[in-house]
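# A structural walkthrough
This is what each chain is made of:
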Amino acid sequence: MGTTATAQRVVLGEGRSSRRALFEDAHHPCLGSGRALSYSAVRGKKSVSRQALDELKQQIPLLDYLQAHDWKPARRLSRGRWMGLCPLHSDHKPSFLVDPGKSLFYCFGCGRGGDVIRFAELYYQVKFPQALALLQQWRGLASLLHEAAGFYRMQLHRHGEAIAYLHQRGVRSPELIEHMRIGYAPGGCLRGWLSRLGYPLQTLRQAGLVTASGYDAYMHRVVFPLEGNLYGRSLSAAAPPHRFLPGAKGGLYLWEQVRQYPEVILVEGLFDYAVLWQAGFHNVTCAMGTQLNAYQFRQLCDGMRIIYLAFDADANGSGQRATQALAHRLREQRLKVGTVELPQGHDPNSFFANGADARQFQALLEAARS
Ligand SMILES: [Zn+2]
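The present account deals with the structure reproduced in this document. (Residues numbered from 1 in each chain as written. Predicted model: local features only at pLDDT ≥ 70, side-chain atom pairs only at ≥ 80, totals over all residues. Heavy atoms only, no water.)

### Examining the coordination of the zinc ion
The condition that has to hold: Shown as donors are all N, O and S atoms within 2.8 Å of a metal ion, widened to 3.2 Å for Na, K and Ca; because water is not in the atom set, sites may appear incomplete. Working rule for geometry: tetrahedral if four donors all subtend angles between 85 and 135 degrees; square planar for four, octahedral for six, if opposite donors exceed 155 degrees and the others stay between 65 and 115; irregular in every other situation. Whether a residue is buried, partly exposed or exposed follows from its accessible area with a 1.4 Å probe, protein chains only, as a fraction of its type maximum: under 20%, in between, or over 50%, in that order.
Looking at the zinc ion, the protein donor atoms are Cys 86 (SG), His 89 (ND1), Cys 107 (SG) and Cys 110 (SG), and they sit 2.0 to 2.3 Å from it. In this structure, the zinc ion is surrounded by four donor atoms whose angles at the metal cover 100 to 124°, and the resulting shape is tetrahedral. Counting along the primary sequence, the residues that act as donors to the zinc ion give the motif C-x2-H-x17-C-x2-C. One exposure class covers both Cys 107 and Cys 110, and it is buried.

Encoded structure:
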């Protein structure tokens, strides 16, 4: 917890300087602060109604919020409760209890507990009104990205150029398109759509969905929703190929669906992910690049597993160097690592798009194991 990535995700929508300030705040461990302010500080706050607070809490389940802040449940208890390391003090054995049903937490180590608002207060070391503002912002961005991604999904099948591009990249299965929630930004209508839903232009600009001149920032891109971000792949060779919203790229792609597999394949691009998933390799995840952020690295190391690295086999050797460096770091964490040797100049996407099948990729995995 307390990584740059986390703090940035939470306060997306503000300027970079304020993100930095918050990140620094988030780094002060709370242990021993002796801060005895109880949640009853809410009382007397006439500006926020009880009902608005309840609504906010309902819209931000504590477990979702904790997990978005990198918290990992370590052990399941009865009645759906979880134990994990406490994000509020330096904890070495799990003492942080979470009850997702009641959306409450309690730490047996530092003795603090409460609801999601209390957690935000303690985690960011802010007072109640600031914690509320952070949560509202967090909720706002999550719902804004949800709406934008939903709009792009509706557009995908209305635009032949987008479908043609997906086909060219080997993405054909409707099940896969549904699984990855792939969309398309035709340009020119996102802003109107979101304005009608009540989002001010200023909010869209702050989130990075709309450019300073008012255009859809993802125009003519195939769009994939990520955790707290959007990835857009340009259809045109004239535009920069990759686009993200400002802020952190988030964790490993759909990690929660993958982490239970004893063997995990890690790729660098979402189109690599797509073709592998389509070919039946559902134990695949993606780092959106070869450089893992600290959050992604911790995810990969959160259990004993074999990791197959299937990065691009670039002619200049950069993919291979990234593979070796990451393999070394993972082995230091005592994980088993296999490096998949693709034919020169290929990545998993081009390998499949050029006609390879699951059996051929399986053979590469087996070779990587030995
Ligand atoms: Zn604690």
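Now, onward.
### Side note on the layout of surface pockets
We apply this condition: Here a cavity denotes grid points, spaced 1 Å and computed from the protein atoms alone, that fit a 1.4 Å probe unable to get out, and a pocket denotes an open set having protein on both sides within 12 Å along at least 5 of 7 lines; residues with an atom within 4 Å of a point are the lining. Grid points are joined across faces, edges and corners, and a volume is the space filled by probe spheres set on the points. A run of H or I in DSSP counts as a helix once it spans at least four residues, and a run of E counts as a strand once it spans at least two, with each numbered from the N terminus. Charged residues are taken to be Asp, Glu, Lys and Arg, nonpolar residues to be Ala, Val, Leu, Ile, Met, Phe, Trp, Tyr, Cys and Pro, and polar residues to be all remaining types, Gly included.
Reported here for the largest pocket is a volume of approximately 1100 Å³. Ranked by the residues each element gives to the lining of the largest pocket, the list is headed by helix H6 (residues 128-156), at nine residues. In terms of residue class, the lining of the largest pocket is made up of 20 nonpolar, ten polar and twelve charged.

### Quick notes on the pairing of strand E4 (residues 104-107)
For clarity, the cut-off: A pair of strands is labelled paired if DSSP reports no fewer than 2 bridges between them.
Residues of E4 alternate between two faces, with Phe 105 and Cys 107 buried on one and Leu 104 and Tyr 106 left unburied on the opposite face. By the bridge criterion, four bridges tie strand E3 (residues 96-99) to E4 in an arrangement that is antiparallel. Across the sheet, residue Phe 96 finds its bridge partner in E4, namely Cys 107. Direction of pairing for E4 relative to strand E5 (residues 113-114): antiparallel, over a ladder of two bridges. Bridge pairing in E5 links Phe 105 to Gly 114. Hairpin connection, E4 to E5: the antiparallel pair is bridged by five residues, and Gly 111 has positive phi, about 75°.

### Re the sheet that holds strand E10 (residues 263-267)
Test applied: To obtain each axis, a line is fitted to C-alpha atoms, and for helices this fit is confined to the stretch in contact; angles are then taken between N-to-C directions over 0 to 180 degrees.
Ordered by their spatial adjacency, four strands build an open sheet running E11-E10-E12-E13, and the pairing between neighbours is parallel. Of all the strands in the sheet, the pair left with one neighbour each is strand E11 (284-286) and strand E13 (336-339). Neighbour-to-neighbour, the strand axes of the sheet open up by a mean angle of 25°, direction not taken into account. Pairing geometry for E10 and strand E12 (residues 306-310), over five bridges, is parallel. Bridge assignment links Glu 263 to a residue of E12, and that residue is Ile 306.

### Quick word on the nonpolar core
Considering soluble globular proteins, one finds that nonpolar side chains tend to be buried as a cluster. Heads up, the rule is: For the purposes of this section, nonpolar cores are sets of buried Ala, Val, Leu, Ile, Met, Phe, Trp, Tyr and Cys residues that join through side-chain atoms within 4.5 Å. Residue contacts follow a heavy-atom distance rule, with two residues in contact if any of their heavy atoms lie within 4.5 Å.
Ranked by size, the top nonpolar core spans 41 residues in total, and within it Met 180, Ile 182, Ile 265, Leu 270, Val 340 and Phe 361 carry the most contacts. Counting residues per element, this core draws most heavily on helix H11 (residues 270-278), at seven residues. Those residues in contact with Val 340, other than ones at most four positions away along the chain, are Tyr 308, Leu 309, Ala 310, Phe 361, Leu 364, Leu 365 and Ala 368. In this structure, Ile 60, Trp 71, Phe 96 and Tyr 123 belong to the second largest nonpolar core, which totals 30 residues.

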